[in-house]
Amino acid sequence: MLFIRRLDRYLMREFLKILLLGLLSLTAIFVLVHLMDHIDIYLDQDASWPSIGKYYLLQTPYNLILTLPMAMLIATILSIGDFGRHGELTAMKANGISLYRIVLPLIVFALFLSLAVLALGETLVPRLNERVNAVYEEEILGEEPRREDYRGNFVYQNEDGYTYIVRSLFVEEGLVAEHDTGAGSESSIRGAAPTDSVPQATGVLLVEASAEQVEVQRRLQDGTFLRINAPQMVWEALAGRWVLRSGELRLFPGGEGERMYTFTLLRSPDLSDPPAELLAEDKEPEEMGYQDLEQYIAKRERLGADTLEERVDLQMKLAYPFANFIIVLFGVALVGSAAHASRQSGTVGFGVALFLTLVFWGFLRVGQGIGYGGGLPPAWAAWIANAVFGVVGLVLLARART
């Protein structure tokens, strides 16, 4: 048992040395390629080098995750290959240790690393990517920073099918006095139509948000199309609902003429979407975790938008972390035979590893591209590289001399 533990430490030490070197090298190459590709933009925008450095520094965790499967494959092939060339695999097997037991630490490490990458992809990395994009837009491109209290010209649809079309939304806090001097109405959208001649009323509303030039739409269950237009909409915080002011409500029943009502105030428990949900702007897939992206897809589908690319990206958030496990399994199977490994020089082993990383990356991107175009279901598009390398790895591992 003591020999086994020493063997495990020795194997992992050699593997981790190559993994660290490969990871740093691939990440550096990735950054240099990106820098050369964007140098014209940096020069045209007169971006400062501290801002550029900050951009790439914040992007480092994401880049490390991108290059990790390739570095894992290189480290597996080179470390196990070295054991084969030096006769160490043969010596281990001669002592009654099977190939499966020899590489068990690598397999376990790859599995736990895949789970760690999955966790980082749900927590730290999306937040950093959001910051990276903000640095690129604001400090490099010189765009105005996103305001946390304003959103303009957007469409939002809630789970009940109500669609808000808003020109501008302002979020604020405070007490606002409300004075109504004309006839008004108050109703629930699901209830009766607004009535005329509501007595004059004055009140105080705790306002957290207000919106200008608002249109609310919904197709009711009986087929009637509802449309509300109002120049202003304010958030009634204590009641948890929106109040529309001085607008028009139109109903378009199927096969009947239009019916229109005017109102001074319109309150409805159906319009209770918090201001924070309307204020939140759409993010890029890399700025969201799995659950956030799933909710984003559901929101876009409610609006009738095509979400094929986003559904592929959603599956990629699961498939890519586990590529680290699959790629180690494949690498172990490829060079697991001592007879096979002993015929390879270090240069040949590195060449094979580099070639296979390009093949794996090619499978990954081609599958993703086909999925974007609808040629494959999202799950197949995201997992095709893992599936191909996993199946080949299992076949080779079954045929390897143990």
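Anything mentioned here points back to the structure above.
None of these values were measured; they are calculated from a predicted model. (Residues numbered from 1 in each chain as written. Predicted model: local features only at pLDDT ≥ 70, side-chain atom pairs only at ≥ 80, totals over all residues. Heavy atoms only, no water.)

### What to know about a positive patch on the surface
To be explicit about the condition: Put simply, a patch holds well-exposed residues, over 30% relative accessible area, that have no salt bridge, with like charges counted together within 9 Å and Val, Leu, Ile, Met, Phe, Trp or Tyr side chains within 5 Å. Here the accessible surface of atoms and residues is derived via Shrake-Rupley with a 1.4 Å probe, and residues count as covered only by protein chains that are part of the display. For this analysis, a salt bridge means a side-chain nitrogen from Lys or Arg found within 4 Å of a carboxyl oxygen belonging to Asp or Glu. Charged-residue counts in this description rest on Lys and Arg as positive and Asp and Glu as negative, His and the chain ends being excluded. To locate a charge, the coordinates of NZ of Lys, CZ of Arg, CG of Asp or CD of Glu are taken. We count a stretch as a helix when DSSP gives it H or I for four or more residues in a row; a strand needs E for two or more, and each element gets its number in order from the N terminus. Buried, partly exposed and exposed residues are distinguished by accessible area as a fraction of the type maximum, computed with a 1.4 Å probe on protein chains only: under 20%, between the cut-offs, and over 50%, respectively.
Judged by side-chain charge, R5, R6, R9 and R13 come together as a positively charged surface patch. Secondary-structure assignment places R6 in helix α1 (residues 2–44). For R6, a relative accessible area of 53% corresponds to the exposed category.

### Regarding the pattern of salt bridges
Taken as a whole and judged by the stated rule, the model has 12 salt bridges. In this structure, R241 engages E236 in a salt bridge whose closest nitrogen and oxygen atoms are separated by 3.0 Å. Each of the salt bridges in this network shares a partner with another, and the network as a whole consists of K54, R131 and E139.

### Regarding the side chain of E287
The condition that has to hold: When checking whether two residues touch, look at their non-hydrogen atoms; a contact exists if any pair is within 4.5 Å.
Tracing the sequence through the fold places E287 in the loop between α7 (275–279) and α8 (290–302). When sequence neighbours within four positions are dropped, the list of residues in contact with E287 reads P126, R127, N129, E130 and N133.

### Here we look at the packing of helix α2 (residues 49–85) against helix α6 (residues 124–140)
Applied cut-off: The angle between two axes is taken between their N-to-C directions and runs from 0 to 180 degrees, where each axis is a line fitted to C-alpha atoms and a helix contributes only its stretch in contact. With respect to orientation, any angle under 35 degrees is reported as roughly parallel, any angle over 145 as roughly antiparallel, any angle of 65 to 115 as roughly perpendicular, and every other angle as oblique. We call a crossing left-handed when the near helix sits turned anticlockwise from the far one by less than a right angle, and right-handed when that turn is clockwise. For this scheme, ten residues count as nonpolar: Ala, Val, Leu, Ile, Met, Phe, Trp, Tyr, Cys and Pro. Four count as charged, namely Asp, Glu, Lys and Arg, and the remainder, Gly too, count as polar.
Two elements in contact, α2 and α6, have axes separated by 9 Å at closest approach and are oriented at 155°. Between α2 and α6, the angle is such that the two are roughly antiparallel. The element α2 and its partner α6 pack so that their crossing is left-handed. Between α2 and α6, the contacting residues are S51, I52, K54, Y55, L58, Q59, P61, Y62 and I65 on the first element and V125, L128, N129, R131, V132, V135, Y136, E139 and I140 on the second. In terms of residue class, the contact of α2 with α6 is made up of 12 nonpolar, three polar and three charged.

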